[in-house]
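Below, each chain spelled out in residue letters.
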Amino acid sequence: MLKLQNIKKSFGNKIIFNDANYEFEPGIYFLIGQNGAGKSTLLKIIAGIDSNYEGTVLGHNIFYLPEKLTLPKELMTYELINQYSKINKSMGSFLELAMNYRLENMPIKKLSKGMIQKVGIIISLLDKYDVILYDEPLDGLDEEAIKSFFGDLKKRSNTVIVMSIHEIPKKLKINAKKIFIKDGKLCEE
């Protein structure tokens, strides 16, 4: 479970959130709003990266995948994921996920945006989290990777999954709630 209570956030005179409240149950949520509405800001607040706000976030065991993932460029992709798996004593098989997402073992410095997204997604799927936050995870992904991604997310029935998204994939049937940021509040469709 994830609960937001009376979240207030502003940048200068611009109010982003004004007593925003929402309770997330396990499932997939699309966070929708215009550019500058506060989608990324909200994810950072939930993840604990942005602590300059008022209100309360109730949730634990949270994984956050930013829109622009920075990776150590000197490593190979499999080496990075394997090291992450060992450090976190991950339960999932990174090789199985790498093959499923067609992730090549190559120097990170040579990866495209889509391949970097795949590395982040694979890392997010290696362990069990109560809450997973994705900031624009579909940017750069091909249709097959998007299909695999949502297939993997559907298996996480006890997880709250919140993702900011510009465009919902039309070809996939995804059972997800749409949360809109409007006038400093969070509201459902």
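Throughout this document, residue positions are counted from 1 along each chain, in the order its sequence is written. Totals for whole chains, interfaces and linings use all residues, but because this is a predicted model, local features are given only for residues with pLDDT of at least 70 and pairs of side-chain atoms are given and counted only at 80 or more. Here the side-chain values reflect all heavy atoms present in the structure, with hydrogen atoms and water set aside.

Draft legend 1. The overall build of the protein, seen in detail. The numbering of helices and of strands both runs from the N terminus, where a helix is a DSSP run of H or I of at least 4 residues and a strand a run of E of at least 2. Summing up its helical and strand segments, the protein has 5 helices and 9 strands in all. Reading the secondary structure of the protein in the N-to-C direction produces β-β-β-α-β-β-α-α-α-β-α-β-β-β. Throughout, radius of gyration means the C-alpha value; the globule benchmark is 2.2 Å times the number of residues raised to the power 0.38. Since a compact globule built from 189 residues should have a radius of gyration of about 16 Å, the 17 Å found for the protein is in line with a globular shape. Taken over the C-alpha atoms alone, the protein extends approximately 45 × 35 × 30 Å along its principal axes. For the protein, the residues scored as buried account for 46% of the 189 residues in total. In what follows, residue pairs with any heavy atoms lying within 4.5 Å of each other are defined as contacts. Here the contacts in the protein between residues at least 6 apart in sequence split such that 70% fall between residues at least 24 apart. For the protein, the accessible surface area stands at approximately 10,300 Å², while carbon and sulfur atoms represent 49% of it. Averaging the coordinates of the 27 positive side-chain charges in the protein and doing the same for the 23 negative ones gives two points 2 Å apart. Categorising residues by exposure relies on relative accessible area from a 1.4 Å probe, with only protein chains included: less than 20% of the type maximum marks a residue as buried, more than 50% marks it as exposed, and the intermediate range marks it as partly exposed. With residues, only the protein chains shown are counted as cover, and all accessible areas are computed by Shrake-Rupley using a 1.4 Å probe. Just so you know, the count uses Lys and Arg for positive and Asp and Glu for negative, and it drops His and the chain ends. By convention, the charge on Lys lies at NZ, on Arg at CZ, on Asp at CG and on Glu at CD.

Draft legend 2. Representation of the pairing of strand β3 (residues 27–32). The buried count for β3 comes to 5 of 6 residues, which makes it a mostly enclosed element. We treat two strands as partners when DSSP finds at least two bridges between them. Where β3 and strand β7 (residues 160–164) come together, 5 bridges link them in parallel fashion. Paired with Phe 30 across the bridge in β7 is Met 163.

Draft legend 3. Just the environment of Lys 154, in detail. With respect to the helices and strands, the residue Lys 154 is situated in helix α5 (residues 143–154). The spacing of Lys 154 and Asp 183 is 29 residues in sequence and 31 Å in space, taken between C-alpha atoms. From its side chain, Lys 154 meets the backbone oxygen of Lys 173 in a polar contact 3.3 Å long. Definition of a polar contact: a pair of N or O atoms within 3.5 Å, with one able to donate and the other able to accept a hydrogen when the atoms are protein atoms, and with sequence-neighbouring residues admitted only if both atoms are side-chain atoms.

Draft legend 4. Geometry of the sheet that holds strand β6 (residues 131–135). Across the sheet, which stays open at both edges, the 6 strands sit in the order β5-β6-β7-β3-β8-β9 with mixed pairing between neighbours. At either margin of the open sheet sits one strand with a lone partner, and together these are β5 (62–65) and β9 (185–188). If you compare each strand with its neighbour and ignore which way they point, the axes differ by 20° on average. Alignment of β5 against β6, held across 4 bridges, turns out to be parallel. The residue of β6 that forms the bridge with Ile 62 is Val 131. Only the stretch in contact is used when fitting a helix axis, every axis being a line fitted to C-alpha atoms; angles between N-to-C directions are given from 0 to 180 degrees.

Draft legend 5. Region of the structure containing unusual backbone geometry. The phi angle at Asp 19 is positive, at roughly 55°, despite the residue not being glycine. Structurally, Asp 19 can be placed in strand β2 (residues 14–24). Of note, the phi angle at Asn 61 is positive, near 55°, even though the residue is not glycine. Relative to the helices and strands, Asn 61 is located in the loop between β4 (54–58) and β5.

Draft legend 6. View of the nonpolar core. Tyr 134, Phe 149, Phe 150, Leu 153 and Met 163 are the most contacted members of the largest nonpolar core, which has 39 residues in total. Contributing elements (two or more residues each) for this core: β3, β5, α2 (77–87), α3 (94–100), α4 (113–125), β6, α5 and β7. The leading source of residues in this core is α4, at 7 residues. Sequence-distant contacts of Met 163, that is, excluding residues within four places in its chain, are made with Tyr 29, Phe 30, Leu 31, Tyr 134, Pro 137, Phe 149, Phe 150 and Leu 153. For this analysis, a nonpolar core means a set of buried residues of the types Ala, Val, Leu, Ile, Met, Phe, Trp, Tyr and Cys, connected via side-chain atoms within 4.5 Å.

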